Amino acid sequence: MLDDTQINQINDQYATTGQIQETDLPAIQDMGFKTVICFRPEEEDADTQPNQLKIKEKLKSLGIEYFAIPVIPGNITPDNIHQFKDIYNQSPKPILGHCRSGNRAIKMFEAIQNQSQTHQADACNWTEAYDVVVIGGGAGGIGVAASLLKRRKALRIALVEPNEYHYYQPSWTLVGAGAYQAKKSQRLMSKVMPKGVDWIRASVTKVDPEKNQILLNDQRVLPYVQLIVAPGLVLDWEAIQGLKETLGKNGVTSNYDFEHAQYTWELVKNLKTGKAIFTQPPMPIKCAGAPQKAMYLSSSYWEKQKKLGLIDVEFNNAGPVLFGVADFVPPLMEYVNRYDIRLNFNSNLVEVDGKNKVAYFESKKEDGSVDRIKKDFDMLHVVPPQKAPAFVKDSNLSDDAGWLDVNQVTLQHKKYPNIFGVGDVINSPNAKTAAAARKQIVVVANNLIASKELREMTTKYDGYGACPLTVELGKVVLAEFGFGGRLLPTFPLNPTVARRFSWFLKAVVMPWLYWNLMLKGIEWLAKPKQD
Ligand code: FAD
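Residues numbered from 1 in each chain as written. Predicted model: local features only at pLDDT ≥ 70, side-chain atom pairs only at ≥ 80, totals over all residues. Heavy atoms only, no water.

### Regarding the overall build of the protein chain
Helices and strands together make up the secondary structure of the protein chain, namely 14 helices and 28 strands. Against the 2.2 N^0.38 benchmark of 24 Å for 531 residues, the protein chain shows a C-alpha radius of gyration of 24 Å, consistent with a compact globule. Reported as C-alpha extents along the three principal axes, the dimensions of the protein chain are approximately 70 × 60 × 45 Å. For the protein chain, with 531 residues in total, the buried portion stands at 56%. For the protein chain, contacts bridging at least 24 residues in sequence account for 68% of all contacts bridging at least 6. When the accessible surface of the protein chain is split by element, carbon and sulfur atoms take 50% of a total near 22,900 Å². (Helix = DSSP H or I, 4+ residues; strand = E, 2+ residues; numbered from the N terminus. Rg over C-alpha atoms; globule rule 2.2 N^0.38 Å. Buried < 20%, exposed > 50% of the residue type's maximum accessible area, 1.4 Å probe, protein only. Contact = heavy atoms within 4.5 Å. Areas by Shrake-Rupley, 256 points an atom, 1.4 Å probe, with all protein chains shown as cover.)

Written out as structure tokens, the structure reads:
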């Protein structure tokens, strides 16, 4: 039965929740909702989705209006937005919006808000350049803006970010294992935006480094004196044929997305027997350990439920090794053996046929020819290939592979000294993680100010990144390393041992540190090297 804790109150007129059932309708009436909107296509998931007509009739008998707007995940159309805007403006309030997890219901609200905000923003223009413009309000962008203001309060900083919400993505691994509530990984962008920063709600389409200005998607031009590029990376779902259409249903999931991480847990809980395939695309990807973390935690749950013997677990990795830092391979292999996981290297997922539960992999042979292998699955956890955002890739800011071309020690752009980079977008050969961004933020904040004040840049990045490998429910191998795979453990403990203490760090300490310190410019556990 639905209760208050499952309701996400957006404002006093609108709230969201996950899939509702007939048995929830009296509770919806008791909570005072006057309208319910379903944002799922009919029969998106025949197993858990009740008949919409039945729900409509029952709600009608309770005096509640009901509407259905069929929104495809990740593909909100102008028609969807238009329809919702009309219903929102004309229907009795309060309104309860729902989809499978509640995420589409939130995204739709953001979409109608975005429309009105864009109109307001159209009115303003900038005649004077900002001291610093930051592109992206993720882990790196918010953190570096906060750190700059801690150093120089008077800096005029603008941060360009289109999204209503900010996410703590590292927790999605735990969400997919039922060990963390998804909503705790999500906060309003307005709540994490550092005080004193002008938030420009738009996305960047082009950087013109010769003119020191950027172009926004609403055609405005934003001039800067110094620029920090922190838009993260792009998940290339389309690179795998058939994936987008089937993701989030038919047993196909991914922890690399807020909504789908919740579906992972649904699948893990409900799988009793059959074949579970976990995939890893070619490098680079963010959190290179995350594809196998999902696999270990799922296996650990099935082991605890005494189902592991009936489930065939397989890892298909496009790369040639289990983990890029050799010291961590032996402890991981212990878990591979314990869970009886079949490892396939050089096996790249290229196509998914969700309806028939079949996945196709390509494997390059030594003579250069390619084998195409068909595999049946009951559950498929996919990690998509990843690439730099187009405005970086297709500009003269990037290296040959498309990533922002920075000096890996100072994090200053190699060609444009007033441009710096932080986070997943840069081409420094570190593990793309929030932990890396935590250290990079300090390097960029110090060096950008030094450069502005015509001082030497003395703060050095050592390539630190961290990957807490969740090898079983309650235990983590805390992999911390820098350039060249050099081990950089924070604590004086053998880093290759799975520990409960490290699970506590991952599940409790790190999220707290992220929200309360890193995003607020408090640089604990982030001390950089000085000359
Ligand atoms: P992001 O945090 O992704 O933020 C980028 C921001 O830029 C977004 O808000 C986006 O909307 C915005 N943006 C994009 N394009 C534009 C544009 N054109 N204009 C304006 N804004 C734009 N890290 C760890 O340290 N430990 C872990 O255990 C861990 N596990 C992970 C598990 C999973 C499943 C995932 C998905 C990630 C994990 N990570 C982990 C990685 C970590 O989340 C990322 O490395 C980190 O968020 C990178 O920060 P960023 O600022 O570069 O990018």
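We are not done yet, so read on.
### A short note on the environment of Lys-452
Tracing the chain through its elements places Lys-452 in helix α13 (residues 434-452). In this structure the C-alpha to C-alpha distance between Lys-452 and Asp-131, which are 321 residues apart in sequence, comes to 9.5 Å. Lys-452 has contacts with Asp-131, Leu-155 and Gln-226, leaving out every residue within four places of it along the chain.

### Some remarks on the packing of aromatic side chains
Applying the stated criterion across every chain yields a total of 20 aromatic pairs. Centre to centre, the rings of Phe-39 and Phe-84 are 5.2 Å apart; their planes meet at 90°, and the pair counts as edge-to-face. Taken as a pair, Phe-39 in the loop between β3 (35-38) and α2 (52-61) and Phe-84 in helix α3 (residues 78-90) lie far apart in primary sequence, 45 residues in all. What makes Phe-84 buried here is its relative accessible area of 0%. Their ring planes at 80° and their centres at 5.6 Å tell us that Tyr-461 and Phe-483 sit as a pair that is edge-to-face. Of this pair, Tyr-461 sits in the loop between β25 (459-460) and β26 (465-472) while Phe-483 sits in the loop between β27 (475-481) and α14 (500-516); the two residues are 22 residues apart in sequence, bridging distant segments of the chain. Put simply, the rings of Tyr-14, Phe-39, Phe-84, Tyr-88 and Phe-109 touch in pairs and so form one group of aromatic residues. The side chain of Lys-93 reaches across the aromatic face of Tyr-88, ending 5.2 Å from its centre. A cation over a ring is seen here: Lys-432 above Trp-403, with NZ or CZ 4.3 Å from the ring centre. (Phe/Tyr/Trp six-rings, centres within 6.5 Å; stacked < 30°, edge-to-face > 60°. Lys NZ or Arg CZ within 6 Å of the ring centre and 35° of its normal.)

### Points about the sheet that holds strand β18 (residues 342-345)
The five strands are arranged β15-β22-β16-β17-β18 in an open sheet whose pairing can be described as parallel. Lying at the two open borders of the sheet, with one neighbouring strand each, are β15 (252-253) and β18. Sheet topology places strand β16 (residues 274-280) next to strand β22 (residues 379-381); three bridges connect them, and they run parallel. Within β22, the position partnered with Phe-278 by the bridge is His-381. Sheet strands touched by helix α10 (residues 290-304): β16, β17 (311-317) and β22. Its angle to β16, the strand with the most contacts, is close to 155°. (Pairing = 2+ DSSP bridges. Axes fitted to C-alpha atoms, helices over the stretch in contact; angles between N-to-C directions.)

### Points about the side chain of His-98
Considering the arrangement of structural elements, one finds His-98 in strand β5 (residues 95-98). Look at His-98 and you get buried, because its relative accessible area is 2%. Residue contacts for His-98: discarding those within four places in its chain leaves Thr-17, Gly-18, Gln-19, Ile-20, Val-36, Ile-37, Cys-38, Phe-39 and Ala-105.

### Quick notes on the nonpolar core
With 74 residues, the main nonpolar core has Phe-278, Tyr-296, Trp-302 and Phe-323 as its most contacted residues. Once residues within four sequence positions are removed from consideration, Trp-302 is found in contact with Val-268, Leu-271, Ala-276, Phe-278, Lys-307, Leu-308, Ile-311, Val-313 and Met-379. Residues Trp-126, Val-406, Val-425 and Leu-519 belong to the second largest nonpolar core, which totals 60 residues. (Core = buried A, V, L, I, M, F, W, Y, C linked by side-chain atoms within 4.5 Å.)

### Some words on the site of the ligand
Near the ligand there are 34 residues, and of these Gly-140, Glu-161, Val-204, Asp-424 and Ala-435 occur at the shortest range. Within the backbone of Gly-140, a nitrogen or oxygen atom sits 2.8 Å from an oxygen atom of the ligand. In the environment of the ligand, an oxygen atom lies 2.9 Å from a nitrogen or oxygen atom belonging to the backbone of Ala-434. Only α5 (139-151), α10, α13 and β26 provide two or more residues apiece to the shell around the ligand. Taken together, the residues that form the shell around the ligand break down as 16 nonpolar, twelve polar and six charged. (Near = heavy atom within 4 Å. Polar contact = N/O pair within 3.5 Å; in protein donor to acceptor, adjacent residues only side chain to side chain. Nonpolar A, V, L, I, M, F, W, Y, C, P; charged D, E, K, R; others polar.)

### Side note on the sheet that holds β5
Pairing is mixed across the open sheet formed by five strands, whose spatial order is β1-β2-β5-β3-β4. Strand pairing shows two members of the sheet lacking a second neighbour, β1 (8-9) and β4 (65-68), which therefore form its edges. Examined bridge by bridge, β1 and strand β2 (residues 14-17) share two bridges and lie antiparallel to one another. Paired with Asn-8 across the bridge in β2 is Thr-16. Packed on one face of the sheet, α2 meets β3 and β4 and runs near 160° to β4.

### Re α2
Within the span of α2, buried status applies to Gln-52, Ile-55 and Leu-59. Each buried residue of α2 sits inside an arc of 60° when the element is viewed along its axis, so together they form one side. In α2, the exposed positions angled more than 90 degrees off the buried face are occupied by Leu-53, Glu-57, Lys-60 and Ser-61. If you follow the buried residues of α2, they end up packed against α1 (25-30), β3 and β4. Two to three positions downstream of the cap, the backbone nitrogen of Leu-53 sits 2.9 Å from a side-chain oxygen, assigning the N-cap of α2 to Asn-51. (Arc of directions from axis to C-beta.)

### A short note on the packing of helix α9 (residues 258-270) against α10
For the pair α9 and α10, interaxial distance at closest approach is 10 Å and the crossing angle is 30°. One finds that α9 runs roughly parallel with respect to α10. Relative to α10, the crossing made by α9 is right-handed. Of the residues in α10, those in contact with Trp-265, Val-268 and Lys-269 of α9 are Ser-298, Tyr-301 and Trp-302. When its residues are assigned to classes, the contact of α9 with α10 shows four nonpolar, one polar and one charged. (Parallel < 35°, antiparallel > 145°, perpendicular 65-115°, else oblique. Left-handed = near helix turned anticlockwise from the far one by under 90°.)

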